[in-house]
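# Reading the structure
Listed below are the residues making up each chain.
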Amino acid sequence: MNTRKHPKDKTSSATAAPKPSRSFLRAEWPLLLVPALILAALALLPVAKRALEHELAPSHDSQGNASQLDPNGAAANTAAPGQDLLPGQRPQAQTPTKPRPGQPGVLPPHLANRLKGSGGSGLAANATLRDALRQALQAQDHAKIKEIMRDLVALGDDAVAQLNDIITNSKDETAVWAAEALARIGTPAATTVLLDTLDFVEDGPYKEELAKRVANISNHDSWTLLLDAVQGNDDPYVQRAAAKSLAGMADTAVIDEIVARYDAAQTEEEREQLAQIISNINAPEASASLRTLAGDVSSPPQNSIQKAAVDAMANTGDPQSVSYLMRKLEASPPGQGGYVFEAITTIDQPEAKAALLYAAAGNKEVSAEGGQAAAIYALENYPTEETCRLLQEIVAGEGNAAVVTAAARTLDNIRKTTPTITETTTSKADTGSMLSVNPLKK
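In short, a report on the structure.

Cut-offs used in this document
Residues numbered from 1 in each chain as written. Predicted model: local features only at pLDDT ≥ 70, side-chain atom pairs only at ≥ 80, totals over all residues. Heavy atoms only, no water. Helix = DSSP H or I, 4+ residues; strand = E, 2+ residues; numbered from the N terminus. Contact = heavy atoms within 4.5 Å. Areas by Shrake-Rupley, 256 points an atom, 1.4 Å probe, with all protein chains shown as cover. Phe/Tyr/Trp six-rings, centres within 6.5 Å; stacked < 30°, edge-to-face > 60°. Buried < 20%, exposed > 50% of the residue type's maximum accessible area, 1.4 Å probe, protein only. Lys NZ or Arg CZ within 6 Å of the ring centre and 35° of its normal. Polar contact = N/O pair within 3.5 Å; in protein donor to acceptor, adjacent residues only side chain to side chain. 1 Å grid on protein atoms, 1.4 Å probe; cavity = no way out; pocket = protein on both sides within 12 Å on 5 of 7 lines; lining within 4 Å. Points joined across faces, edges and corners; volume = space filled by probe spheres on them. Nonpolar A, V, L, I, M, F, W, Y, C, P; charged D, E, K, R; others polar. Axes fitted to C-alpha atoms, helices over the stretch in contact; angles between N-to-C directions. Parallel < 35°, antiparallel > 145°, perpendicular 65-115°, else oblique. Left-handed = near helix turned anticlockwise from the far one by under 90°.

## Here's the deal with the overall build of the protein chain
Of the regular secondary structure elements, the protein chain holds 21 helices and two strands. For the protein chain, the share of sequence-separated contacts (at least 6 apart) that also reach a separation of at least 24 residues comes to 62%. With an accessible surface of roughly 24600 Å², the protein chain has 55% of that area assigned to carbon and sulfur atoms.

Pasting the structure below:
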């Protein structure tokens, strides 16, 4: 190792006295701190990264809504109207997210306060919806149950996330009532929750209860979701429930869309499925469109959807539809009007009774073995004393064998299903003897 000269030493190196050498570690230890600090920084980098990701990750409020932070650490969403924030507190996000199972169902303040009641029910403002429903159900407090349901329907989509939490995490009576609330709300959001849950749960009593609720959805805003569910879901519970709900809300817009899909269908199976939807329609609002779809009374059906429209008119049962069916039956060539005859016999709407009684009594617009006989068979769906009196008069005074047989059979069926109906002119024995004389079948 070389020695260094003292700066003030002016003598030659030959005469200078040698100085003791110093240790390298003692002399150069500051230089060793640099790599040590670099290694420490590298070791801490993953920890810092995780902390940063956690800081920037979406946070969730009590309703499960995400609150995304911007790069500066501020909440990307603004506070909700009326939301008071403390200094430095970040506002909760208001961006709607799809409800997920397991989110807490905290009641909105409005509903929580209503549930407290004047009698000191003990429900805190942050009581869960599940607890509120269960408490009312266990106490059989029907007034409170109605109040809760009324408030839930009034909340609309604001209640969907909490109701979703209940029906996806329990299968008790409380869950059934939550499903009922969703069905009454019936918005696309509520309908989606019900359809998704119905598709997800296993077959059994709870699934059947959910299906009943889906079938009762009447909010017209959800008809496209229901139609898509009938066509796009393989679960028979979903298909049947959605079709039944759709049948009760169908109108011109719904029928036009079904017809458009029928015309665009690629397979016969798809066309038959759409025709079946039409045949189940029972909404009075659909009557005019159904008559248009069925075509002229003198023309036979050209395809399955036109025949389905005839069946649907029997479901609606309004006077105009009954008149159309009677005229179409009379205009049908011999042996080709059976499907119309059968459709007439299924009519059971109250508003159709007067028209059926009139046709059953016989008038110039219907033939004995056509419209009159069909109307008589349909009267089985109206088991009243008025109906029985007319049928007994027909049995006693009609000369056409087909008409007498129809009246006797219908009267006998009414007596079997509704034995409280008072007999006035014809005994069961007389009816039995007439059936043996006129063995024509329906």
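## Topic: the packing of aromatic side chains
This structure, assessed with the given rule, holds one aromatic pair. Ring geometry for phenylalanine 341 versus tyrosine 377: centroids 6.3 Å apart, planes at 65°, classification edge-to-face. Separated by 36 residues along the polypeptide, phenylalanine 341 in helix H16 (residues 338-345) and tyrosine 377 in helix H18 (residues 368-378) bring together distant segments of the chain. You'll find phenylalanine 341 and tyrosine 377 in the same group, each marked buried. The ring of tyrosine 237 has arginine 240 lying over it, and the distance from NZ or CZ to the ring centre is 5.4 Å.

## A word on the side chain of serine 287
With respect to the element layout, serine 287 can be found in helix H13 (residues 287-294). Within the structure, the side chain of serine 287 is placed 2.7 Å from the side chain of aspartate 318, a separation counted as a polar contact. Sequence-distant contacts of serine 287, that is, excluding residues within four places in its chain, are made with Thr316, Asp318 and Ser321.

## So, empty space enclosed by the protein
Applying the stated criterion to the full structure yields one cavity of 30 Å³ or more. Roughly 60 Å³ of volume is contained in the largest cavity. Lining of the largest cavity is provided by Val297, Ser298, Ser299, Pro300, Lys328, Ala331, Ser332, Pro333, Gln336 and Tyr339. For the lining of the largest cavity, the class distribution of residues is five nonpolar, four polar and one charged.

## As for helix H8 (residues 205-215)
Restricting attention to buried positions, one finds in H8 the residues Tyr206, Lys207, Leu210, Ala211, Arg213, Val214 and Ala215. Buried residues in H8 make contact with helix H5 (160-169), helix H6 (173-185), helix H7 (188-200) and helix H10 (236-249).

## Thoughts on the packing of helix H11 (residues 252-264) against helix H12 (residues 268-279)
Two elements in contact, H11 and H12, have axes whose closest approach is 9 Å; the angle formed by their N-to-C orientations is 160°. Relative to H12, the element H11 lies roughly antiparallel. For the pair H11 and H12, the crossing hand works out as left-handed. Each of Ile255, Ile258, Arg261 and Tyr262 in H11 lies in contact with H12, whose residues at this interface are Arg271, Leu274, Ala275, Ile277 and Ile278. For the contact of H11 with H12, the per-class residue count stands at seven nonpolar, no polar and two charged.

## Digging into the environment of leucine 293
With respect to the helices and strands, leucine 293 occurs in helix H13. Sequence separation between leucine 293 and valine 310 is 17 residues; the distance between their C-alpha atoms is 8.9 Å. The residues touching leucine 293, leaving out its near neighbours within four places in the chain, are Ile255, Val259, Ile278, Ile305, Gln306 and Ala309.

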